[in-house]
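Fold and geometry: a report
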Amino acid sequence: MKEPISGFSKLTKEEKINWLTKTYLNDDPKAVDILKQYWNKNEKLQQLHEEFTENTISNYYLPFGIAPNFLINDELFAIPMAIEESSVIAAASKAAKFWRSRGGFKTEVIDTVKVGQVHFIYEGSEEKLELFFNHLEPKLRAAAIPITKNMEKRGGGIKSIELRDRTTEIDNYYQLHCSFETVDSMGANFINSCLEKFAEVLEKEVAVWEGFNEKERHIEVVMSILSNYVPECVVRAEVCCPLDDLSDEPNLSGEQFAQKFLRAVKIAETEPFRAVTHNKGIMNGIDAVVLATGNDFRAIEAGVHAYAAKDGQYSSLTHARVENGIFKFWIEVPLALGTVGGLTSLHPLVKLAIEVLGHPNARKLMEIVAVAGLAQNFAAIKSLITTGIQKGHMKMHLMNILNQHHATLDEKEKLIEYYKTNIVSHSDVAVQLEKLRQ
Ligand code: MEV
């Protein structure tokens, strides 16, 4: 029977590891070695990583790769991607090469509005609350000046504060629904600080506003928090080319390719089971760049999937059309990203990724990330409607299978050569290795 521990966070790193291995890992010295082999030899760097979060006992690496040759609005980018899944970076690179010779990607930031809400309960008359809100709004803005001053200097700040009546859904439930511009920062801390200040002022002003009677002079703030649903912080990325230039597949004309492609996208637009996988492929590209550039991929994931369901049914984030002989394929996606603050100025690899991208501002990063998602989706659909994905995927996955079998360098070289003309499968790799080892 395991005992709970109190004061775990106060233990040193070594003590935490000792407790963990004793309690959950049969005191296995190999477990300690595994944890320690990921410690960085550079002590300062190790400490930096440990201080990003709490109770750190080791580091968890992801591969950091580059997908080159992305032509975006006539500028060439090499896109850093942090991802463990085989084929993703290869697919992005292939799509980049394909579209580079067809005019590249075109992008446009549609808007950059971010949202936060103070959720509260009020039991009095709605008309009075509206009157009170007119009196309150300038006070909210004034009280937030110490927080908004610097953001305003950078061109951002509070855009709007609205009173929203949600009493038809939940008894006595109202919101201060607020929108913000946070320029190059993701803005979570800025928005949450503003909202908590609004909540404080709201409670204080309610208690003294002369328009309320004694019974009405009370509001219960439930919570004050930003929303990761940002349907007005949206970027569009697009590729297009004449049908005649579209296919590089043998035995498939541009028109045939487009027809198959459009059908595949239509299925993702109408069938949620397919839409989720279709969008998962898009997120392979998006998350990898979001992670490499030190942004919050959970926030992006939550916001993107909510957006995919904004019309009442979960649907594709990408769309395709043929018009006057031109094939068009595009994505519209909400991306609340930052290029200042957070990990961007702390994590050396994140700083390097941002440098590789030419120090983009947040708007430019939104464009690059959307392109990575669109490219990934193009590559996936192209494979799915032609060869199927397993052929390419298993080739890329070969190295993982070889490593599972502890293949030597020599064995790897021989089998990589062998699988240039043979189909990869887990069982066949085992057979071929066995043959080599005999
Ligand atoms: C795999 O990680 C992603 C795909 O399943 C995406 C798709 O089906 O479009 C290949």
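Residues numbered from 1 in each chain as written. Predicted model: local features only at pLDDT ≥ 70, side-chain atom pairs only at ≥ 80, totals over all residues. Heavy atoms only, no water.

Threshold: UniProt positions are given in the numbering used here, feature names are shortened, and annotations may be inferred rather than shown by experiment.
An unreviewed UniProt entry lists the protein under the name 3-hydroxy-3-methylglutaryl coenzyme A reductase, with Zunongwangia profunda given as the organism. The UniProt entry for the protein carries the following text under Pathway (unreviewed entry): "Metabolic intermediate metabolism; (R)-mevalonate degradation; (S)-3-hydroxy-3-methylglutaryl-CoA from (R)-mevalonate: step 1/1." Note on the protein: under the UniProt heading Sequence similarities (unreviewed entry), the record states "Belongs to the HMG-CoA reductase family."

1. A short note on the overall build of the protein
This is how the line gets drawn: Numbering of helices and strands starts at the N terminus; helices are DSSP runs of H or I of at least 4 residues and strands are runs of E of at least 2. For the exposure calls, accessible area comes from a 1.4 Å probe over protein chains only, and a residue counts as buried if that area is under 20% of its type's maximum, exposed if over 50%, partly exposed in between. Residues are treated as being in contact if the distance between any of their heavy atoms lies within 4.5 Å. Note on areas: Shrake-Rupley, 1.4 Å probe, and residue coverage restricted to the protein chains presented here. Positive charges come from Lys and Arg alone, negative charges from Asp and Glu alone, with His and the N- and C-terminal ends not counted. Throughout, a charge is located at the NZ atom of Lys, the CZ atom of Arg, the CG atom of Asp or the CD atom of Glu.
In terms of regular secondary structure, the protein is built from 15 helices and ten strands. Dimensions of the protein along its principal axes, counting C-alpha atoms only, are 90 × 70 × 40 Å. Burial statistics for the protein: of 438 residues in total, 45% are counted as buried. Pairs at least 24 residues apart make up 70% of the contacts formed inside the protein by residues separated by at least 6 positions. Per element, the accessible surface of the protein, about 23,200 Å² overall, is 53% carbon and sulfur. For the protein, the separation between the mean place of its 49 positive charges and that of its 59 negative charges on side chains is 6 Å.

2. Points about the site of the ligand
Formally: In this text, near means that some heavy atom of the residue lies within 4 Å of the molecule or strand in question. Think of a polar contact as two N or O atoms within 3.5 Å of one another; within protein, one of them needs to be a possible hydrogen donor and the other a possible acceptor, and neighboring residues in sequence only count if both atoms come from side chains. Classes in brief: Ala, Val, Leu, Ile, Met, Phe, Trp, Tyr, Cys and Pro nonpolar; Asp, Glu, Lys and Arg charged; the others, Gly included, polar.
Looking at the ligand, the residues that line it are E85, R274, T277, H278, K280, G281, N284, A380, L384 and I389. R274 places a polar side-chain atom, nitrogen or oxygen, 2.8 Å from an oxygen atom of the ligand. Here an oxygen atom of the ligand and a side-chain polar atom of K280 are 2.7 Å apart. With the chains in place, 83% of the 300 Å² that the ligand exposes on its own is no longer accessible. Among the elements that make up the shell around the ligand, the one with the highest residue count is helix α9 (residues 272-292) (six residues). Classifying every residue of the shell around the ligand by side-chain character gives three nonpolar, four polar and three charged.

3. Looking at the domain arrangement of the protein
Applied cut-off: Domain delimitation in this document rests on an assignment produced automatically or drawn from a domain database. Defined in terms of a 1.4 Å probe, buried area is the accessible area two parts forfeit on being brought together, summed over both.
Parsing the protein into structural domains produces domain 1 (8-50), domain 2 (64-109 + 236-386), domain 3 (114-227) and domain 4 (393-437). Relative to domain 4, the C-alpha centre of domain 2 lies at a distance of 31 Å. Contact residues are listed per partner, giving four residues for domain 2 and four residues for domain 4. Around 310 Å² of area is buried between domain 2 and domain 4 when both sides are counted, 53% of it from carbon and sulfur atoms.

4. Brief notes about the pattern of salt bridges
Counted only if it meets this: Salt bridges are defined as contacts in which a side-chain nitrogen from Lys or Arg sits within 4 Å of a carboxyl oxygen from Asp or Glu.
Evaluation of the coordinates by the stated rule reveals 22 salt bridges. One salt bridge in this structure joins R164 and E162, with 3.0 Å as the shortest N-O distance. With relative accessibility at 30%, the residue R164 sits in the partly exposed group. Take E162: its relative accessible area is 33%, and that puts it in the partly exposed class. D248 is the salt-bridge partner of K382, the closest N and O atoms lying 2.8 Å from each other. Remark: D248 occurs in the loop between β8 (234-242) and α8 (254-270) and K382 occurs in helix α12 (residues 362-385); sequence separation between them is 134 residues. Taking relative accessible area as the criterion, K382 reaches 14% and is therefore assigned buried. Given a relative accessible area of 43%, D248 falls into the partly exposed group. When salt bridges with common partners are traced through the structure, they connect R236, E238 and E332 into a single cluster.

5. Points about the pairing of strand β6 (residues 173-181)
Which entries qualify depends on this criterion: A pair of strands is considered paired only if DSSP assigns at least 2 bridges between the two.
The element β6 is extensively covered by neighbouring structure, given that nine of its nine residues are classed as buried. With burial as the criterion, each face of β6 is covered, one bearing Y173, Q175, H177, S179 and E181 and the other bearing Y174, L176, C178 and F180. Sheet topology note: the strand β4 (residues 114-122)/β6 ladder contains eight bridges and is antiparallel. Residue pairing in the sheet places G116 in a bridge with C178 of β6. When strand β5 (residues 157-165) meets β6, the two strands line up antiparallel, connected through eight bridges. Note on β6: the bridge partner recorded for E162 is H177.

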